[in-house]
Amino acid sequence: SRTALTLLGTGAMGTALARAWLAAGHPVTVWNRTPARAGALAAEGAAVAATAADAVAASRLVVVCLLDDASVGEALEHADLTGRDLVNLTTGTPAEGRTRAAWAESRGARFLDGGIMAVPPMIGAPESGGYVFYSGSRALFEEHRGTLAVPAGTRWVGADPGFAALHDVALLSAMSGLFAGITHAFALIRREDVDPVGFAPLLASWLTAMTPAAHRTAEQLASGDYTTGVVSNLAMQSAGNTTLLRTAEEQGVSPELLTPYTALMARRVADGHGDEDGVGMIDLLVRPGA
Ligand code: NDP
């Protein structure tokens, strides 16, 4: 028989998770602060608990998917976590993950933190490629791996309970830069009579061609050698980037999304690293005074 589980939070993501487990035959108990939002799941076979404490008492495996870390603390305030396996799929910071792990353990629970790399339509659809980063109790993860793999793929990233959030936020931060670039590129063509639909495939394939740069960056960071095999050194890149800024100016497009990266490049060159690849900018971010 399939593992019974409790799910706290039936928002967009929680509902998708509950549906995936119900469809796979797991007995699911749900609780939501606003009870009406759990109603649809009752019709699909979920047991609806009146309070979060009742929901936690119903199953040993307790999955939480609420708005933020503060709502997790609030929802679980009066629940007895003794002997529970708590899996927190609420997005938070690494420090929140670590603090929440210590809090859960002090209340007698094993704790696993998760960072969901999927949107609700990708949940329960393995072909979508959605997955969840997990960190914290390895024993909990191993014991419930099969159940956790039902809604999305699983990726273990370490015993440090902050690591799931760290990986989640690192990927989202990279995405933020990518979207900033896409936004600026469309702003430039928007000023002219360029068809955005015709431009989009050029942009998408250009970005795809650039992403392997991540591997080279990793190799240079790992070796500590930032100068061997450099194709376009930072001094050249930095000079080239003035064209990007001048074009924004000429075209009447705000450079605000470009300037922080350009300024960081110029600083690294001014520090005497113009012959290197851009990887040294990472050190500049991590140790701003160095
Ligand atoms: P929703 O806004 O749809 O749902 C939020 C849930 O949190 C609701 O169940 C809400 O209850 C509950 N909640 C909010 N505040 C409290 C509180 N103080 N006490 C108790 N319950 C509370 O968000 P999602 O379901 O989309 O997101 C849930 C988590 O999943 C978030 O951490 C989000 O970052 C993460 N996630 C979401 C993704 C997405 O695409 N949706 C993608 C990846 C991660 P109520 O109904 O009563 O308001």
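Our subject is the structure that appears above.
Residues numbered from 1 in each chain as written. Predicted model: local features only at pLDDT ≥ 70, side-chain atom pairs only at ≥ 80, totals over all residues.

**Student:** So what exactly am I meant to see when it comes to the overall build of the protein chain here?
**Tutor:** A count of helical and extended segments in the protein chain gives twelve helices and eight strands. When the backbone C-alpha atoms are referred to their principal axes, the protein chain occupies close to 65 × 45 × 30 Å. Counting only residues that meet the buried cut, the protein chain has 34% of its 290 residues in that class. Contacts in the protein chain between residues far apart in sequence, at least 24 positions, make up 60% of those at least 6 positions apart. (Helix = DSSP H or I, 4+ residues; strand = E, 2+ residues; numbered from the N terminus. Buried ≥ 20, exposed ≤ 12 C-beta atoms within 10 Å, placed from the backbone. Contact = placed C-beta atoms within 7 Å.)

**Student:** Where do I start with the packing of helix α5 (residues 94–106) against helix α7 (residues 163–190) in this structure?
**Tutor:** When two helices pack together, you describe them by how their axes are tilted relative to each other and by the distance separating the axes. Running from N to C, α5 and α7 cross one another at 160°; their axes reach a closest spacing of 7 Å. Judged on the interaxial angle alone, α7 and α5 are roughly antiparallel. Note on packing geometry: the crossing formed by α5 with α7 is right-handed. For the pair formed by α5 and α7, the contact residues are Pro94, Glu96 and Gly97 on the first element and Ala164, Ala165 and Leu166 on the second. When grouped by side-chain class, the residues that make up the contact of α5 with α7 number four nonpolar, one polar and one charged. (Axes fitted to C-alpha atoms, helices over the stretch in contact; angles between N-to-C directions. Parallel < 35°, antiparallel > 145°, perpendicular 65-115°, else oblique. Left-handed = near helix turned anticlockwise from the far one by under 90°. Nonpolar A, V, L, I, M, F, W, Y, C, P; charged D, E, K, R; others polar.)

**Student:** What should I look at first to understand the site of the ligand in this one?
**Tutor:** Taken together, 21 residues surround the ligand, and among them Gly11, Arg33, Thr34, Ser71 and Thr91 come closest. Within the residue set of the shell around the ligand, elements represented by two or more residues are α1 (12–23) and α4 (69–76). Partitioned by chemical class, the residues of the shell around the ligand number nine nonpolar, nine polar and three charged. (Near = placed C-beta within 6 Å.)

**Student:** Hey, could you run me through the environment of Glu256 in this one?
**Tutor:** By the element assignment, Glu256 lies in the loop between α10 (234–251) and α11 (259–273). Take Glu256: there are 10 C-beta atoms within 10 Å of it, and that puts it in the exposed class. Sequence separation between Glu256 and His184 is 72 residues; the distance between their C-alpha atoms is 9.0 Å.

**Student:** Looking at this structure, how should I read the sheet that holds strand β5 (residues 85–88)?
**Tutor:** In a beta sheet, neighbouring strands are held together by backbone hydrogen bonds and run either parallel or antiparallel to one another. Reading across the sheet, the eight strands line up as β3-β2-β1-β4-β5-β6-β7-β8 and stay open at both edges, with mixed pairing between neighbours. Looking along the sheet, the strands with just one partner apiece sit at the ends: β3 (47–48) and β8 (153–158). In the sheet, strand β1 (residues 5–8) pairs with strand β4 (residues 61–64) via four bridges, with the strands oriented parallel. What sits directly across from Thr6, in β4, is Val62. Docked against the sheet, helix α6 (residues 138–148) engages β1, β4, β5, β6 (110–117), β7 (131–136) and β8, running at close to 45° with respect to β6. (Pairing = 2+ DSSP bridges.)

So far we have only geometry, and geometry alone does not tell us how the molecule works.
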